[in-house]
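Chain residues, written in single-letter form:
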Amino acid sequence: MFRLHLRTVFLLACAMLAACTPLPPAPAPASTPATPAAMPAPAWQRQGVQLLHIAPEESLLTITVRRGGALARLGHDHVVASRSLQGVVAPALGRAQFRFRLDAMSVDEASLRQAAGLTTAPSADAIAGTRHNMLVRVLEAERYPWVSIDARRTGDKEVFEADITLHGVTRTLRLPVRIEQTVDGRRLQASGSLLLKQSDFGIVPFAVLGGAMAVQDQMELAFRITARQEVSAPGSGASPGR
């Protein structure tokens, strides 16, 4: 890959960029529990208020992280995604609460890389390394497995205030949201995006070679969430953990 006498060093550093170090043989990471614990009821939930439950099979949240540093050209940008969101929306209250597990996120799905305009194609080993380093070295997912978002509408109906908890730190950010709801109110779709800084949540962006190859502090979060009345609430006869 490299023809210079520093070939080995640069290859290793390139692979490590954005946590994409190929890993030595090791036990497979623990899989996400088949029946994760049900999400606690929101404090703002009231008797008689209509709640729509997020449909994970119709929802997607992605986070794009980009390479930085003087040697950024040697690495890859990455897209991680959650397709297992759980939570509720109360349209009448202008409130929503949802969460997802870090260890359930996918890394660098080809279709999502294409949608994000990423032209490079990391190898399977690089993707496995990205996942390992992202969960273990950067996000400490075993200690902080959940990311949660509690959002409330502001005076502008298309802007929410969102309390985002990541890595044990909560920050409140303004979140532009586009909402589409059916006439009968039984189905709602919300979409939007915002920029976050890892350092705001106590996360040190991954870097090697004194920062010559690094992950940018800023990351891009985007979501498309569908909530509908038909999704069973916890305790209503649905399968455990839903």
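Higher on the page you've got the structure.
Report on the accompanying structure. (Residues numbered from 1 in each chain as written. Predicted model: local features only at pLDDT ≥ 70, side-chain atom pairs only at ≥ 80, totals over all residues. Heavy atoms only, no water.)

**Examining unusual backbone geometry**
Formally: Under the DSSP-based scheme used, a helix requires at least four consecutive residues in state H or I and a strand at least two consecutive residues in state E, with every element numbered from the N terminus. Here's how the labels work: a residue is buried when its accessible area is under 20% of the maximum for its type, exposed when over 50%, partly exposed in between, all with a 1.4 Å probe on protein chains only.
Positive phi, close to 50°, is recorded for Glu140, a residue that is not glycine. Secondary-structure assignment places Glu140 in the loop between helix H3 (124-138) and strand S7 (146-153). Residue classification places Glu140 among the partly exposed positions, given a relative accessible area of 30%. Look at His167: it is not a glycine, yet its phi comes out positive at around 60°. Looking at where His167 falls in the secondary structure, it is placed in the loop between strand S8 (159-166) and strand S9 (169-176).

**As for the pattern of salt bridges**
When the charged atoms of two side chains with opposite charge come close together, those side chains can pair. The condition is simple: Take a side-chain nitrogen of Lys or Arg and a carboxyl oxygen of Asp or Glu: if they are within 4 Å of each other, that pair is a salt bridge.
Inspection of every chain in the model, using the stated rule, returns 12 salt bridges. Its salt-bridge partner being Glu58, residue Arg187 comes within 3.1 Å of it at the nearest N-O pair. Taken together, the residues span a long stretch of sequence, with Arg187 in strand S11 (residues 187-197) and Glu58 in the loop between strand S1 (52-54) and strand S2 (60-68) at a distance of 129 residues. With relative accessibility at 35%, the residue Arg187 sits in the partly exposed group. According to the relative accessible area criterion, Glu58 is partly exposed, its value standing at 26%. Notably, a salt bridge pairs Arg83 with Glu109, separated by 3.0 Å at the nearest N-O pair. Of this pair, Arg83 sits in the loop between strand S3 (78-82) and strand S4 (86-90) while Glu109 sits in the loop between strand S6 (106-107) and helix H2 (110-115), and the two are 26 residues apart along the sequence. Residue Arg83 is classed as partly exposed on the basis of its relative accessible area, which comes to 43%.

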